[in-house]
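Each chain, written out:
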Amino acid sequence: MLQIGTDRVLQGLITQIFLRKKDNQLPKYAIHKILFKLQLELPNDNSVKKRIPFYWYNHGPFSEVIENNITWLKENDILKEYPIQEEKTLLGLEKEIKLPETTDFKEANEILNSISYHVDFYHISSFVDEIYRKYAPCAFMPLFKLDFLKAMEEYVKRVSSGQQTLNLFIDDYSNLDKLESILYDCESELPLVSTFKPFNDSFSSFVTSTGRVFDYIREEGEDTLFSGKEVLSIAEVTWLTFAKGIRILDIGHDKYYNNKLDVWKNQYKQSLISYYNDVDNFNSKALAEIKQDRLPFCTPTERSKNILSSVVEGYLN
Amino acid sequence: MFRDHFLDANILVGSRIDWDKQHNLATKYMAVEGLKKHTSKRVYNESKGVFERTRRLILSYLKKFYEEFSVSSNPLRIDQIIKAFTKKFADKFEEKEQNILNSFVERNFGDIRNIALGGEKELGDFKKVVIDTFKNALNSIDRDCVPDSKALIYRYDGCPLTYYTKEYIKLSEVINYENDILVLLDSYFIKNKHIINNICFVTTDYNHILKNKSEIEKVLNGISLMCPD
């Protein structure tokens, strides 16, 4: 049975992360990710490996065991929380603690040092990127969370600060076409298991309406803060719903959490109903904004006719 | 036959290839004038869902095909590789989706071969054609089906999610698929609450609906099942 809140081994490892750099302050979820990497790299015969079970959730790999030990460290003034902006805090080490002297701990600590050495704590996003792209249980996750969602957040921030059109995007996502292309790539990487069928259907509906919003923005070229915010809002709900589903799958959690599956399944089922309604509302709002008779229509090319005919024939047969 | 018609999803879907009036029943039917066409939000969502699921299926197929083909391939055996890959990919899906995928590959074999030979640019170009094709089809459904009596197809958004317990139970004795039962009950609700006159339920679905025509019409008074041929 794993000890919750009094695991001196985990507490020792958590505090060691902060000692990598002087006055190091880290977001809580970075600690989860660093220890996730540790769990992957520990040899199977090291007892520490089983002490840090994970599941994938809203902020990537998450461990309730680590979370409880972080809480314990905060309550005992070993870690302290520093607010940086609205609803965001960093953790800092207030005092060091006595470390266990077991062989397994020493081995884990050495590997942890090696991992921490390669993490740029001032630009933690590149480490986050690595964790998602290399280890996420589903290719949809880095595409949607790191590519699409991040780009939409940046867009809404820019437009809120006064920069008007989406075409002023610079850096990696320089135009609307690329953002839309990412969304279709996300769609093609959705999990194929039956658990995700209702999610996938709602997601595809979200993609259709977002495509319409982008087409409208391209055509109108006017201030799109309202449209962008609506897309971002539904995209955030999309991620939270997806995360409730992915942790249910075997690839999404360690066996330690199997006794939580019934509760998780129920939460996911409720979130799917809510997501379906949210997407439906988003679709209606997009159509109310754009108006049905303004939806673009192009005379189909021969290739388009071929594609559509094959789809319809396949469906009707 | 009655002037008010309720359209099933296969009519909405089938009529998106409006250039194929000669061969397509749904397209021929939609060209008939003098009828008042109705449908429900459930049918509208189902029709859109067909195109959205297919878009997802095809884009996933193209992505995986390109990933697999660009890594290990023999350009001299492209056709066999495409067929083998398609079979392996399609096996993961249910029969309906397999039919759609096989139909798509067969009719667009040349473009898929070009992706194998041409690389990322060909993939990108063809993906854009696929995406635009589905945008057009989905936009046309939204242009035609509107909650407005002046629309080409009057869409009713207020149908309950579940209702008519007695009729539901009787219909489930002859129809296995719940969605078909609910669509039939949508037409019954719309007829009773809004249209009042008797209506035709128009569908090309023989296996679940049309073959049970007399039983269904006994349960749903005022609904007459019709195939557009």
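Analysis parameters
- Residues numbered from 1 in each chain as written.
- Chains lettered and ligands numbered in written order.
- Predicted model: local features only at pLDDT ≥ 70, side-chain atom pairs only at ≥ 80, totals over all residues.
- Heavy atoms only, no water.
- Helix = DSSP H or I, 4+ residues; strand = E, 2+ residues; numbered from the N terminus.
- Buried < 20%, exposed > 50% of the residue type's maximum accessible area, 1.4 Å probe, protein only.
- Contact = heavy atoms within 4.5 Å.
- Lys, Arg positive; Asp, Glu negative; His and termini not counted.
- Charge placed at Lys NZ, Arg CZ, Asp CG, Glu CD.
- Buried area = accessible area lost by both parts, 1.4 Å probe.
- Salt bridge = Lys/Arg side-chain N within 4 Å of Asp/Glu carboxyl O.
- Polar contact = N/O pair within 3.5 Å; in protein donor to acceptor, adjacent residues only side chain to side chain.
- Nonpolar A, V, L, I, M, F, W, Y, C, P; charged D, E, K, R; others polar.
- Axes fitted to C-alpha atoms, helices over the stretch in contact; angles between N-to-C directions.
- Parallel < 35°, antiparallel > 145°, perpendicular 65-115°, else oblique.
- Pairing = 2+ DSSP bridges.
- Disulfide = S-S within 2.5 Å.
- Phe/Tyr/Trp six-rings, centres within 6.5 Å; stacked < 30°, edge-to-face > 60°.
- Lys NZ or Arg CZ within 6 Å of the ring centre and 35° of its normal.

Caption draft 1: View of the overall build of chain B. Within chain B, the regular secondary structure consists of 10 helices and 6 strands. With the principal axes as the frame, chain B shows a C-alpha extent of 65 × 35 × 30 Å. By residue count, 55% of the 229 residues in chain B fall in the buried class. Across chain B, the fraction of contacts at a sequence separation of at least 24, relative to all contacts at a separation of at least 6, is 67%. Here chain B carries 36 positive and 33 negative side-chain charges, and the mean point of each set is 2 Å from the other.

Caption draft 2: View of the interface of chain A and chain B. The interface of chain A with chain B comprises 42 residues on the first partner and 52 residues on the second. Taken together, both faces of the contact between chain A and chain B bury some 4,300 Å²; the carbon and sulfur share is 52%. Looking only at chain A, the three residues that lose the most surface to chain B are R303, I307 and Y315 of chain A, adding up to 17% of its buried area. Where chain A meets chain B, there are 12 salt bridges. Among the ionic pairs, E187 of chain A bridges to R55 of chain B, the shortest N-O distance being 2.8 Å. Our enumeration of links across chain A and chain B arrives at 26 residue pairs in polar contact (both at pLDDT 80 or more). In terms of residues, the side of chain A that touches chain B owes the most to one element, helix α11 (residues 302-316) of chain A, which gives 14 residues. Here the side of chain A that touches chain B is composed, by residue class, of 17 nonpolar, 13 polar and 12 charged.

Caption draft 3: View of the packing of helix α1 (residues 8-18) of chain A against helix α3 (residues 64-75) of chain A. Residues and elements named next belong to chain A. Their axes nearest at 10 Å, the elements α1 and α3 cross at an angle of 75 degrees. Put simply, α1 runs roughly perpendicular to α3. For the pair formed by α1 and α3, the contact residues are L10, Q11, I14 and T15 on the first element and V65, I66, N69, I70, W72 and L73 on the second.

Caption draft 4: Quick peek at the sheet that holds strand β5 (residues 88-93) of chain A. Residue and element names in this part refer to chain A. Read from one edge to the other, the open sheet built from 3 strands follows the order β1-β5-β4, with strand pairing classed as antiparallel. A single partner strand is all that each edge strand has here, and the edge strands are β1 (25-26) and β4 (79-85). On top of the sheet, α1 reaches β1, β4 and β5; it is set at about 100 degrees to β5, its chief contact.

Caption draft 5: Representation of the sheet that holds strand β6 (residues 223-226) of chain B in the model. Residue and element names in this part refer to chain B. Pairing is parallel in the open sheet, where 6 strands are placed in the order β3-β4-β2-β1-β5-β6. Each edge of the open sheet carries a strand with a single partner, namely β3 (145-146) and β6. As defined by bridge partners, strand β1 (residues 4-7) adjoins strand β5 (residues 199-202) across 4 bridges and the pair is classed as parallel. From the neighbouring strand, D4 faces β5, where its bridge partner is I199. The sheet contacts of helix α9 (residues 178-195) involve β1, β2 (36-40), β4 (153-156), β5 and β6, and relative to β5 the element is tilted by about 155 degrees.

Caption draft 6: Representation of the state of the cysteines within the structure. According to the stated counting rule, one finds 0 disulfides over all chains in the structure shown. Lacking any disulfide linkage, C186 of chain A is separated from the closest cysteine sulfur, that of C138 of chain A, by 9.7 Å. Here C227 of chain B stays free of any disulfide, with the sulfur of C200 of chain B as its closest cysteine sulfur at 12 Å.

Caption draft 7: Seen up close, the packing of aromatic side chains. Residues and elements named next belong to chain B. One pass over the structure, following the stated rule, counts 42 aromatic pairs over all chains. The interplanar angle of 20 degrees and the centroid separation of 5.5 Å between the aromatic rings of F65 and F69 together place this pair among those described as stacked. Separated by 4 residues within a single helix, F65 and F69 lie in helix α3 (residues 41-71), roughly one turn from each other. Grouping residues by exposure puts F65 and F69 together as buried. Positioned above the aromatic ring of Y29 is the side chain of K37, whose terminal nitrogen or guanidinium carbon lies 5.7 Å from the ring centre.

Caption draft 8: Geometry of the pattern of salt bridges. Within this structure, the stated rule accounts for 36 salt bridges over all chains. Here D79 of chain B ties to R113 of chain B by a salt bridge, and the two come within 2.9 Å at their closest N and O atoms. With a gap of 34 residues between them, D79 of chain B in helix α4 (residues 78-90) and R113 of chain B in helix α6 (residues 109-118) connect regions that are remote in the sequence. Taking relative accessible area as the criterion, D79 of chain B reaches 29% and is therefore assigned partly exposed. Residues joined by salt bridges that share partners form a network here, namely K37, E41, E130 and K134 of chain A.

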